[in-house]
Amino acid sequence: MIHKISGEYFNTKIHYLDVNGDKVTDIPDIANSLAQTSQNSSSQQCTQKFDSYWRQAENNRSSFKSKNLETYNHFFLWMNLHLQYQNLMTRL
């Protein structure tokens, strides 16, 4: 425990990634292996129904306009936020 506190402790456990039975230990190789896996699970692996829904959703523009007049929708200045933070901290 003293070695950990003084900064002299080194973890000797080697982390690796098992790729088709091969142990990948180099960090760039692990990153590349994970990237390859994520490419395999991309939209090419989706059902046609989900793919058509996804394409339609991607073409729609998002609108965050609201007629809601709640205070969290109002414009605020950073100074207001800072003052509210200070107010909160004095209560604690």
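Predicted, not measured: the structure shown is a model, and the values here were computed from it.

Counting its secondary structure elements, the protein contains four helices and two strands. Ordered by position in the sequence, the α and β elements of the protein form the string α-β-β-α-α-α. Summing over all exposed atoms, the protein offers an accessible surface of approximately 9700 Å²; the carbon and sulfur share of this is 55%.

This next bit is on the pattern of salt bridges. A complete count under the given rule lists one salt bridge for this structure. With its nearest N and O atoms 3.1 Å apart, the salt bridge here joins Arg55 to Asp51. Separated by four residues within a single helix, Arg55 and Asp51 lie in helix 3 (residues 48-59), roughly one turn from each other. For Arg55, a relative accessible area of 49% corresponds to the partly exposed category.

Analysis parameters
Residues numbered from 1 in each chain as written. Predicted model: local features only at pLDDT ≥ 70, side-chain atom pairs only at ≥ 80, totals over all residues. Heavy atoms only, no water. Helix = DSSP H or I, 4+ residues; strand = E, 2+ residues; numbered from the N terminus. Areas by Shrake-Rupley, 256 points an atom, 1.4 Å probe, with all protein chains shown as cover. Salt bridge = Lys/Arg side-chain N within 4 Å of Asp/Glu carboxyl O. Buried < 20%, exposed > 50% of the residue type's maximum accessible area, 1.4 Å probe, protein only.

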